[in-house]
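Read off the chains here:
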Amino acid sequence: MRLQKVLAAAGVGSRRICDQLVAEGRVTVDGRVAVPGTQVDPQTAVIHVDGVRIPTRPELVVLAFHKPRGVTSAMSGASPNVGDYVQDREERVFHVGRLDVDTEGLLLLTNDGDLAHRIAHPSHGVAKTYVATVEGRVDAGLRNRLRKPVQLDDGPVTVDACRIIDAGQNSSVVEVTLHEGRNRVVRRLFDALGHPVTRLVRTAVGPVRLTGLRAGQIRELSGRELQSLYTEVGL
């Protein structure tokens, strides 16, 4: 299939715009700069425009799901579970990583195994952002402590960014970003700091944000958001 047709079908732009992108040398196929008239197989070709990956396999989907509190990160078994929310979809998707039953927020679902592996594995450095409501009043001292690794029972954890959203007398709200994927790592981190978590929401995975999704809602990723996610993991 002609490269320009594949790009247009992937939502990059009109055929004319895609022709221009190829002519300007802004498109690569499998690591090589494409030329006008290039033929590709959308099932196997790795295509980038200006360094951004363009997914071209229409059967692959990525979903953003706002997992409610009390829902288990499983595709089957005792309800309520994540699988309950996608049982009517044609594609057979699975969750990328897990959120514990008491944690709510963004959980990605996909049928792309390569993408799922790269998002979940810490070696690929995909950041996850959480907003934690914790017991007690926090101050700048918390940020200072988080500038260094915090030792947990299964090894140190490093926080990439920390922001205090609200500091009340009896509880506080803190946003943290980290690359860790260990079980209940955010809850254990705040336990170690003396501020147990009372509510935890994951608000972002890489470039994908929870914004606009109410608990239990799902949306399919597309366009720049989907392209940015593939680029983030190096696909």
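Anything mentioned here points back to the structure above.
Each chain has its residues counted from 1, following the order in which its sequence is written. Totals for whole chains, interfaces and linings use all residues, but because this is a predicted model, local features are given only for residues with pLDDT of at least 70 and pairs of side-chain atoms are given and counted only at 80 or more. With hydrogens and water excluded, all non-hydrogen atoms of the structure serve as input to the side-chain values.

**Here we look at the packing of aromatic side chains**
Aromatic rings from Phe, Tyr and Trp, taking only the six-membered ring of Trp, are treated as a pair when their centres fall within 6.5 Å; an angle between ring planes under 30 degrees marks them as stacked, one over 60 as edge-to-face, and anything in between as tilted. Taken as a whole and assessed by the stated rule, the structure comprises one aromatic pair. Geometrically, the ring pair formed by phenylalanine 65 and tyrosine 85 is tilted, given 4.9 Å between the ring centres and 45° between the ring planes. With a gap of 20 residues between them, phenylalanine 65 in strand β5 (residues 62–67) and tyrosine 85 in the loop between β5 and β6 (94–95) connect regions that are remote in the sequence. When accessible area is computed with a 1.4 Å probe and restricted to protein chains, residues below 20% of their type maximum are described as buried, those above 50% as exposed, and intermediate ones as partly exposed. Among the residues examined, tyrosine 85 registers a relative accessible area of 34% and is labelled partly exposed. The secondary structure listing takes helices from DSSP runs of H or I that are at least 4 residues long and strands from runs of E that are at least 2 residues long, numbered from the N terminus.

**Some details on the pairing of strand β11 (residues 161–167)**
Looking along a regular strand, one sees side chains alternate from face to face of the sheet. Two strands pair under a simple rule: DSSP has to find at least two bridges between them. Judged from the six bridges that link them, β11 and strand β12 (residues 171–178) form a sheet pairing that is antiparallel. Its bridge partner being in β12, aspartate 166 is matched across the sheet by valine 173. Between the antiparallel neighbours β11 and β12 lie three residues.

**Looking at unusual backbone geometry**
With an omega of 0°, the peptide bond between serine 79 and proline 80 qualifies as cis. Checked against the element boundaries, proline 80 lands in the loop between β5 and β6. Located in the positive-phi region is aspartate 50, a residue other than glycine, with phi close to 55°. For aspartate 50, the location among the structural elements is in the loop between β3 (47–49) and β4 (52–53).

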